[in-house]
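# Coordinates in review
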Amino acid sequence: HDDSCRIIIEDFESDGGAFARPSNLLCDGPCANMVCMSGNDYLSSMQTHGGVYCTACQEEIEHTLCRKPCANTTCKHRVVYSVFVLNITGQDAPMFCQECAQFADQGWSFCGTPA
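A few points on the structure. Predicted model only: the values in this text are computed from it and were never measured.

Residues of helix 2 (residues 39-49) that are buried: Gly 39, Ser 45 and His 49. Along the axis of helix 2, the buried residues cluster in a sector spanning 125°; they form a single face. Helix 2 presents Asn 40, Gln 47 and Thr 48 as exposed residues on the side facing more than 90 degrees away from its buried surface. Looking at the buried side of helix 2, the elements it contacts are strand 2 (34-37), helix 3 (55-63) and helix 4 (83-89). Trailing helix 2 by a residue or two, Gly 50 shows a phi angle of about 80°, which is positive.

Written as structure tokens, this is what we have:
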């Protein structure tokens, strides 16, 4: 067992956790505004929006949400994406829902045989 790891964790927890303290970050949107958020808010933003966005850009993300059926014809899920975010990242609209995309990324077809 490595005691140095335990010491770091104890120090982190004893000071309230640096992760919990707000930090200034740049918005990933075209405005490049400063965004103040804690580590938990950062993780939430990354999970929800795929980046750090100010309030104005978050509203734009919400206004440009699109939903379409998953390209896997046997799947009943819908693909959800924001045109605003796609314009920023330069990515194409996703074809598969998150669940099916995991399998497609691994090179599997949807009839259960390798592609």
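Moving on, we get to the layout of surface pockets. Quantified by volume, the largest pocket comes out at close to 670 Å³. Along the walls of the largest pocket sit 23 residues, with Thr 48, Val 80, Tyr 81, Pro 94 and Gln 98 positioned nearest its centre. For the lining of the largest pocket, the secondary-structure elements that each account for two or more residues are helix 2, helix 3, strand 4 (78-82), helix 4 and helix 5 (98-105). At five residues, strand 4 tops the list of elements feeding residues into the lining of the largest pocket.

Right, let's talk about a nonpolar patch on the surface for a bit. Residues Tyr 42, Leu 43 and Met 46 make up a contiguous nonpolar surface patch of about 250 Å² in total accessible area. Take Tyr 42: it is sitting in helix 2.

Membership of the largest hydrophobic core is limited to 10 residues, which are Cys 27, Val 35, Met 37, Val 52, Tyr 53, Cys 54, Cys 57, Ile 61, Phe 84 and Val 85. Breaking this core down by element, the ones donating at least two residues are strand 2, helix 3 and helix 4. Once residues within four sequence positions are removed from consideration, Phe 84 is found in contact with Pro 30, Cys 57, Glu 60, Ile 61 and Thr 64. Among the nonpolar cores identified, the runner-up in size contains seven residues, and Val 79, Tyr 81, Cys 97 and Cys 100 belong to it.

Once that is clear, we can look at the state of the cysteines. Following the criterion strictly, the structure yields zero disulfides and no others. Left unpaired, Cys 31 is separated from the closest cysteine sulfur, that of Cys 54, by 3.6 Å. Taking the relative accessible area as the measure of exposure, Cys 31 reaches 34% and is therefore partly exposed. Note on Cys 54: relative accessible area 9%, which makes it buried.

Parameters and conventions
Residues numbered from 1 in each chain as written. Predicted model: local features only at pLDDT ≥ 70, side-chain atom pairs only at ≥ 80, totals over all residues. Heavy atoms only, no water. Buried < 20%, exposed > 50% of the residue type's maximum accessible area, 1.4 Å probe, protein only. Helix = DSSP H or I, 4+ residues; strand = E, 2+ residues; numbered from the N terminus. Arc of directions from axis to C-beta. Contact = heavy atoms within 4.5 Å. 1 Å grid on protein atoms, 1.4 Å probe; cavity = no way out; pocket = protein on both sides within 12 Å on 5 of 7 lines; lining within 4 Å. Points joined across faces, edges and corners; volume = space filled by probe spheres on them. Patch = residues over 30% accessible without salt bridge, like charges linked within 9 Å, V, L, I, M, F, W, Y side chains within 5 Å. Areas by Shrake-Rupley, 256 points an atom, 1.4 Å probe, with all protein chains shown as cover. Salt bridge = Lys/Arg side-chain N within 4 Å of Asp/Glu carboxyl O. Core = buried A, V, L, I, M, F, W, Y, C linked by side-chain atoms within 4.5 Å. Disulfide = S-S within 2.5 Å.

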